[in-house]
Amino acid sequence: MIRGSHDQVDQSTKPSKQRRRTGSRVLTMGLLGLIAMLVLTACGPDVSKPYTTISPASDTADGIQSLYILVFWLALVVFVGVQFAIVYAALRFRRNKPLAQRPPQVHGNKRLEIIWTVIPAVVLLVVLIPTITTLYDQDAAANDGDIQIDIFGKQWWWEVNYGTDETQGGEDLGVITANEVYIPQGKNVVFNLQSNNVIHSFWVPRLSGKMDVVPGHTNKISITANEPGEYFGECAEFCGAQHAWMRFKVIVLPEDEFYAWVNAQRVGNPGTTDTEAELPDGVALAPQAFSLCLSCHVVNGVVPYTLNGLEAPSNLGPDLTNLACRDAIAAGLLVNNRENLERWIDNPGGVKPGNYMADQITEGIVRERYGDDGFNELIDYLMTLQPAGGCVGTEAAEGAPPPGVVATPGATPAGTPAGTLAAVASPIVASPVATPVD
Ligand code: CUA
């Protein structure tokens, strides 16, 4: 193809003309390459795609992005250089006419061999040094956090257990929630990743790299989020039937809103089935069917022994405190609204096959035991599980349903505020020196 009409050119008499042609062809190809590159660079980060990895919003992700950019440009230079050399050599040294004799045979070229050994070595060194620095920096940040959060990978959801907060004098925040992780903006939050089952992987693409969640070993990852907002995460290691629906969300709030959320979680949702008990205004009596939930779930503030003597044996299932404030249920699978709660409670195995709740709550069993009225009372009650005065810190969530969820238009959580039977902890205030917003 390259030869074409040049077969007829007399190589001995037209060397300069041929070089000029070669030069112009290389130039044309270079221009085409440049245009392709510009088209590609127009594909910038699109933050409307929640799992984008090229729109960092935390110090950790920034560090990774810097490495990524460095490697990208180095790779581009190498790519362009190699392509240029290939095209140049193919055009410049092509055969113009049938050869009368074999070209001179050569073996080895010391200068070339040194060049193509040294250049890759330098390129790798340029990548290696900042990579090691970043690794050590991120490791150091994970050992010196402002707030400690234990994350437990479950099948198939995430338990979020807030520990000590150095900005509050080392106080244990003592909040447990699931799948929706609230953190304050500008604080170094350390996630201590643990599992008692199989290996999961904690990944919030815009905030961090992936980190495995390994049974028997605690891995740490640090995130200092720079901007308030919602950041979607998911399990990135195959962990069983519902691996794909082991999603979660990190909600970054300004510091004062974060502590308002913490306090609301600490107060919890009072509840009882004891009809003799005095309940504050607006607090709904828990229906009998709720005792079924307390076999596996905890609600901070609900006194378990008042519910048919049942006490949640452990955190077998997600903590349901302020459940009505969550955007999603079933680890990101369903938007949290009445219709989906009904679907979920009526037949969890039909919604999320293989999940462990379905072992206990088989299809229709709640209606069977408590009747349609009892079932509806349970759903009503679950939708009252929110703080007195409404949910806290959910503004960031508005207009951004979790990707892939089954949304049901028109439905919103019920707005019956729960009163306060007993505040379980004294409220926390944000530290006086607020973090400046960039
Ligand atoms: Cu947990 Cu995949």
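The coordinates are above.
In this report, the structure presented in the accompanying data block is examined.

Points about helix 9 (residues 365–382)
Taking 1.5 Å of rise per residue, the 18 residues of helix 9 would be expected to cover 26 Å, yet its terminal C-alpha atoms sit only 17 Å apart, more than 12% below that figure. Where helix 9 bends most, the angle comes to about 115°, and this point is Gly371. Looking only at helix 9, the buried set comprises Ile365, Val366, Gly374, Phe375, Leu378, Ile379, Tyr381 and Leu382.

Topic: the pattern of salt bridges
One pass over the full model with this rule turns up 9 salt bridges. The closest approach of N and O atoms between Glu234 and Arg247, which form a salt bridge, is 3.9 Å. Taken together, the residues Glu234 in strand 10 (residues 229–235) and Arg247 in strand 11 (residues 247–253) connect sequence positions 13 residues apart. Linking Arg367 and Asp372 is a salt bridge whose minimum nitrogen-to-oxygen distance equals 3.2 Å. Taken together, the shared-partner salt bridges connect Glu230, Lys249 and Asp327 into one network.

Describing the state of the cysteines
Applying the stated criterion across every chain, the model contains 1 disulfide. Paired through a disulfide, Cys325 and Cys391 show a sulfur-sulfur distance of 2.1 Å. Note on the Cys325 and Cys391 pair: the S-S dihedral is about -90°, so by sign convention the disulfide is left-handed. On the criterion of sequence distance, the pair formed by Cys325 in the loop between helix 5 (290–293) and strand 12 (328–329) and Cys391 in the segment after helix 9 is long-range, its members being 66 residues apart. Since its relative accessible area comes to 11%, Cys325 is described here as buried. A relative accessible area of 25% means that Cys391 is categorised as partly exposed.

Structural notes on the nonpolar core
Ile149, Tyr162, Ile183, Phe191, Phe202 and Phe258 are the most contacted members of the largest nonpolar core, which totals 36 residues. Elements with a contribution of two residues or more to this core: strand 1 (147–154), strand 2 (157–165), strand 5 (180–184), strand 6 (188–195), strand 9 (219–224), strand 10, strand 11 and helix 4 (255–267). The biggest single contributor to this core is strand 11, with 5 residues. Leu292, Leu334, Leu382 and Met383 belong to the second largest nonpolar core, which has 29 residues in total.

Description of the sheet that holds strand 5
Strand order across the open sheet formed by 5 strands is 5-11-10-7-8, with mixed pairing between neighbours. Unpaired on one side and paired on the other, strand 5 and strand 8 (211–213) mark the two borders of the sheet. Here the strands of the sheet are splayed against their neighbours by 25° on average, with no regard to which way each runs. When strand 5 meets strand 11, the two strands line up parallel, connected through 5 bridges.

Some details on the packing of helix 2 (residues 59–92) against helix 3 (residues 110–142)
Taken N-terminus to C-terminus, the directions of helix 2 and helix 3 make an angle of 175°; their axes are 10 Å apart at the nearest point. The pairing of helix 2 with helix 3 is recorded here as roughly antiparallel in orientation. On helix 3, the residues that touch Asp59, Thr60, Gly63, Ile64, Leu67, Leu70, Val71, Leu74 and Val78 of helix 2 are Val123, Val126, Val127, Pro130, Thr131, Thr134 and Gln138. Tallied by class, residues from the contact of helix 2 with helix 3 come to 10 nonpolar, 5 polar and 1 charged.

Quick notes on the rules
Position labels on residues start from 1 in each chain and follow its written sequence. The model is predicted, so local features are restricted to residues of pLDDT at least 70 and side-chain atom pairs to those at 80 or more, both for listing and for counting; the totals for chains, interfaces and linings are taken over all residues. Hydrogens are left out, water is left out, and the side-chain values use all remaining heavy atoms of the structure. Put simply, DSSP marks the helices as runs of H or I at least four residues long and the strands as runs of E at least two long, and each gets a number from the N terminus on. Expected span, for any helix, means 1.5 Å times one less than how many residues it has. What is called the bend at a residue is the angle between a pair of axes, fitted to the seven residues leading up to and ending at it and to the seven starting from it. Partly exposed describes any residue whose relative accessible area lies between the buried limit of under 20% and the exposed limit of over 50%, with all areas from a 1.4 Å probe on protein chains only and scaled to the type maximum. When a carboxyl oxygen of Asp or Glu lies within 4 Å of a side-chain nitrogen of Lys or Arg, that pair is called a salt bridge. Note on terminology: pairs of cysteine sulfur atoms within 2.5 Å are recorded as disulfides. Only buried residues count toward a nonpolar core. Its members are Ala, Val, Leu, Ile, Met, Phe, Trp, Tyr and Cys residues joined through side-chain atoms within 4.5 Å. A pair of strands is labelled paired if DSSP reports no fewer than 2 bridges between them. Angles shown run from 0 to 180 degrees and are taken between the N-to-C directions of axes, each axis being a line fitted to C-alpha atoms and, for helices, limited to the stretch in contact. The labels follow the angle: roughly parallel below 35 degrees, roughly antiparallel above 145, roughly perpendicular from 65 to 115, and oblique for the rest. Any two residues whose heavy atoms approach within 4.5 Å are treated as being in contact. Asp, Glu, Lys and Arg are counted as charged, while Ala, Val, Leu, Ile, Met, Phe, Trp, Tyr, Cys and Pro are counted as nonpolar; the rest, among them Gly, fall into the polar class.

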